[in-house]
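So you can see what is in the structure, the chains are spelled out below.
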Amino acid sequence: MRRSQSRESSEVENEMEDREVHVNGLCMKTSEVEAKLDEGNIQEAESSLREGLSLNFEEARALLGRLEYQRGNLEGALRVFDGIDLQAAIQRLQPSLTEKPSSNRRKSSRGTESVHAVSQHAASLVLEAIFLKAKSLQKLGRVPEAAQECKSVLDAVERIFNNGIPDAIVDNKLQETVSKAVELLPELWKHAGCYQEAMAAYRRALLSQWNLGNECCARVQKGFALFLLYSGVEAGAPSLAVQIDGSYVPRNNLEEAILLLMILLRKCYLGKIKWDHSVMEHFSFALSLCGQTSVLAKQLEEVLPGVMHRCDRWNTLALSYSAAGQNQAALNLLRKSLHKHEKPNDLLALLVAAKICSEDAILASEGVQYARRAIENAQGTDLHLKGVGLCMLGLCLGRQAKTASSDQERCYLQSEALKSLEEATTYERDNPDLIFELGIQYAEHQNSNAALRCAKQFIDATGGSVQKGWRLLALVLSAQQKYSEAEVVTDAAIDETAKWEQGALLRMKAKLKISQSLPMEAGETYKLLLALVQAQRKSFGPLRSLSQVEDDKVSEFEVWQGLANLYSSLSHWRDAEICLEKARALRQYSAATLHTEGKF
């Protein structure tokens, strides 16, 4: 064992001794130069390189600094790099690199190309030295200085290559240095807390002609997209200088991040870069913020087979469709995913399927089966989801009770629903949504005191910021025939709610006025509600999802029907007929409309 270790150490020492540098077709061992560096004789080491490899001052310093950096002597590398005059090197390199080969004579062309190659190699050495200087400063914790040095590398490239880095004749080492600097600069600015400079570096990287490879460009685009999504710093639109007439210009961080992520996904689909699952995750988050999950579904449908596991793809598609209000399409996908030959015990898929079924009385019995399977599989590390499964079971049983064929079956299902929700509170005692659903079940059991307690708990838990809590409280008070108190609660909720979202509360207030035999005041409330509903219909925002609309929207048909009933009770037959005509135009066949018409 000792012999093998000594043999390995001797081999490493020999490799260190035998290291060589190759420049301009010349070769030189580094052992002599490193020995002089160890003695602190930088000038002598530099002279050895200049004589042995025919280098100028900047090139020799660049090679010395690289040697020190590779040996891990960062302070020594900085001392060497500090002696490089970057501006002088740029002025010396710029004329030869911008010179175009002559097409008249073959000899002159060959000569120019050789000079061009030598100059590119010199540029590569000097620029790599400044980049390594930035890396050394970064490792020593001097991040702002490192960012300035890294920026100077890109500034130098722009001065040397006025028209961008050439695609065909560029030196590989030079291109590698530029690509690394482009990726490093925004990270340094972020680390230094200079977020505006970081955004400027990202945009410069993506808009300049750096001749970046597909993978490098993709990493920069992903980094910029994540910075826009999660930094909390508003970037603003790109400057007018880089905007093209007729092109799409993002208005905010979210739009720009979505655009970048869509570009990355398109590159993945075309095979230009490797598939990165995290890009789809960030894209899902970005689109969910603006309610555009239908766009996410379209992107998921374009993913080639084999890239994602099909069950994962079905589940993500189901979430997207469900958020867009297409519950039937979502449930069909989940049924495929939960098939016995796929992933029948996928806990999250079972919970989502149960949630979708709990919203439809016809599907409630199917949802009961999903919820029970979820409860059975909520074991070990997933035990915390058992409470969610019990909550879904209670919701499905409560929904199923509404279609029961007998009173006995209805009572049984309601009791089981209440039992499941109460058991769920032992796992999720502080879940406000669970408290709300429990209050609903108590109200349907005509246990108004327990329902009232749950409504107050929900309002306390949410700070009164959720409208449905106030509505539940007002309904329970109304069921107890405390109409004046219910109206006070409704007025308080209206004051705390944005005007655009007051529809359900105004409808409740109108019905409370009718219950208090105040028909004229009820009529005025209905008129306010009608104006609001018509304004919503005309100014419906494109970024609101269908599920959001159904939660807070009062249909115009319901308002006209309510007015018709009100005028009918007052024997204002002409007004009632006008309201019924409006309601019939919106919904031709309605039992409520026919019933009101039969009263005339």
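- By the naming in an unreviewed UniProt entry, the protein goes by Protein NPG1 and is assigned to Papaver somniferum.

Focus on the overall build of the protein
- The helix and strand tally for the protein stands at 30 helices and 2 strands.
- Considering the protein as a whole, with its 600 residues, one finds that 45% of them fall into the buried category.
- Restricting to contacts in the protein with at least 6 residues of sequence separation, those with at least 24 account for 56%.
- Approximately 31600 Å² of the protein is accessible, and the part contributed by carbon and sulfur atoms is 50%.

Quick notes on a nonpolar patch on the surface
- On the surface, Tyr230, Phe285 and Leu289 cluster together into a nonpolar patch covering about 290 Å² of accessible area.
- Counting through the fold element by element, Phe285 comes out in helix H13 (residues 277–289).

Comments concerning helix H10 (residues 195–207)
- Between its terminal C-alpha atoms H10 stretches 18 Å, which fits the 18 Å expected from 13 residues at 1.5 Å a residue.
- Buried within H10 are the following residues: Ala198, Met199, Ala201, Tyr202, Arg203, Arg204 and Ala205.
- Buried residues belonging to H10 abut helix H8 (143–160), helix H9 (172–191), helix H11 (214–230) and helix H12 (253–269).

Some points on unusual backbone geometry
- Even without a glycine there, the phi angle at Asn211 is positive, about 60 degrees.
- Of note in the backbone geometry, Ser517 takes a positive phi value of approximately 60 degrees without being a glycine.
- Positionally, Ser517 belongs in the loop between helix H25 (503–515) and helix H26 (519–538).
- Judged by its relative accessible area of 60%, Ser517 falls in the exposed class.

Here we look at the packing of aromatic side chains
- Evaluated as defined, the whole model comprises 5 aromatic pairs.
- The ring of Phe436 has Lys468 lying over it, and the distance from NZ or CZ to the ring centre is 4.5 Å.

Focus: the environment of Tyr567
- Within the element layout of this structure, Tyr567 appears in helix H28 (residues 556–569).
- By relative accessible area, Tyr567 is classed as buried at 16%.
- Sequence spacing of Tyr567 and Met520 is 47 residues, and the spatial spacing of their C-alpha atoms is 9.7 Å.
- Beyond its immediate sequence surroundings of up to four residues, Tyr567 is in contact with Lys527, His572, Asp575, Ala576 and Cys579.

A closer look at the pattern of salt bridges
- Per the counting criterion, the structure on display carries 29 salt bridges.
- Ionic pairing is found between Lys355 and Glu359, a salt bridge with its closest N-O pair at 2.8 Å.
- Overall, the relative accessible area of 37% leaves Lys355 in the partly exposed class.
- Judged by its relative accessible area of 43%, Glu359 is partly exposed.
- Residues Arg507 and Glu558 are paired through a salt bridge, measuring 2.4 Å at the closest nitrogen-oxygen approach.

Description of the packing of H11 against H13
- Direction vectors running N to C along H11 and H13 enclose 30 degrees, while the axes themselves pass 11 Å from each other. One element, H11, and the other, H13, form an angle in the roughly parallel class. Between H11 and H13 lies a crossing of left-handed hand. The segment H11 lies against H13, with Lys222, Leu226, Leu229 and Tyr230 engaging Ser278, Val279, His282, Phe285 and Ala286.
- Tallied by class, residues from the contact of H11 with H13 come to 6 nonpolar, 2 polar and 1 charged.

With respect to the environment of Arg410
- Within the secondary structure, Arg410 sits in helix H20 (residues 407–424).
- Accessibility expressed as a relative area gives 28% for Arg410, which makes it partly exposed.
- A C-alpha to C-alpha distance of 9.6 Å links Arg410 and Leu397, two positions 13 residues apart in sequence.
- Beyond its immediate stretch of four places on either side in the chain, Arg410 contacts Ala401 and Ala404.

A few points about the packing of helix H21 (residues 432–444) against helix H22 (residues 448–462)
- Running from N to C, H21 and H22 point in directions that differ by 160 degrees, and their axes come no closer than 8 Å. Regarding the angle of H21 to H22, the classification is roughly antiparallel. Considering only the axes of H21 and H22, their crossing is left-handed. Taking contact as the criterion, the partners of Pro432, Asp433, Ile435, Phe436, Leu438, Gly439, Tyr442 and Ala443 in H21 are, on H22, Ala450, Ala451, Arg453, Cys454, Gln457, Phe458, Ala461 and Thr462.

Regarding the confidence of the model for the protein
- Taken over all residues, the pLDDT of the protein has a mean of 82, while the share at 70 or more is 79%.
- Contacts of residues 1–18 to residues separated by more than four positions or lying in other chains number 4 contacts, the stretch itself having pLDDT below 50.
- Below a pLDDT of 50 lies the segment residues 100–116, which in the model reaches 11 contacts outside its immediate sequence neighbourhood of four places, other chains included.

Considering H25
- Compared with an ideal rise of 1.5 Å per residue, which puts 13 residues at 18 Å, H25 spans 19 Å between its outermost C-alpha atoms and is within 8% of the ideal.
- Among the residues making up H25, those that are buried are Gly503, Ala504, Leu505, Leu506, Met508, Lys509, Ala510, Leu512 and Lys513.
- In the core, the buried residues of H25 are packed alongside helix H23 (467–479), helix H24 (483–496) and H26.
- Two residues or fewer after H25 comes Ser517, characterised by a positive phi angle close to 60 degrees.

A closer look at the environment of Glu255
- Tracing the backbone shows Glu255 in helix H12.
- On the basis of relative accessibility, which here comes to 16%, the residue Glu255 falls in the buried class.
- Put simply, Glu255 and Ala225 are 30 residues apart on the chain and 9.9 Å apart in space, counted from C-alpha to C-alpha.

Definitions and cut-offs
Residues numbered from 1 in each chain as written. Predicted model: local features only at pLDDT ≥ 70, side-chain atom pairs only at ≥ 80, totals over all residues. Heavy atoms only, no water. Helix = DSSP H or I, 4+ residues; strand = E, 2+ residues; numbered from the N terminus. Buried < 20%, exposed > 50% of the residue type's maximum accessible area, 1.4 Å probe, protein only. Contact = heavy atoms within 4.5 Å. Areas by Shrake-Rupley, 256 points an atom, 1.4 Å probe, with all protein chains shown as cover. Patch = residues over 30% accessible without salt bridge, like charges linked within 9 Å, V, L, I, M, F, W, Y side chains within 5 Å. Salt bridge = Lys/Arg side-chain N within 4 Å of Asp/Glu carboxyl O. Expected span 1.5 Å × (residues − 1). Phe/Tyr/Trp six-rings, centres within 6.5 Å; stacked < 30°, edge-to-face > 60°. Lys NZ or Arg CZ within 6 Å of the ring centre and 35° of its normal. Axes fitted to C-alpha atoms, helices over the stretch in contact; angles between N-to-C directions. Parallel < 35°, antiparallel > 145°, perpendicular 65-115°, else oblique. Left-handed = near helix turned anticlockwise from the far one by under 90°. Nonpolar A, V, L, I, M, F, W, Y, C, P; charged D, E, K, R; others polar. pLDDT = per-residue confidence, 0-100.

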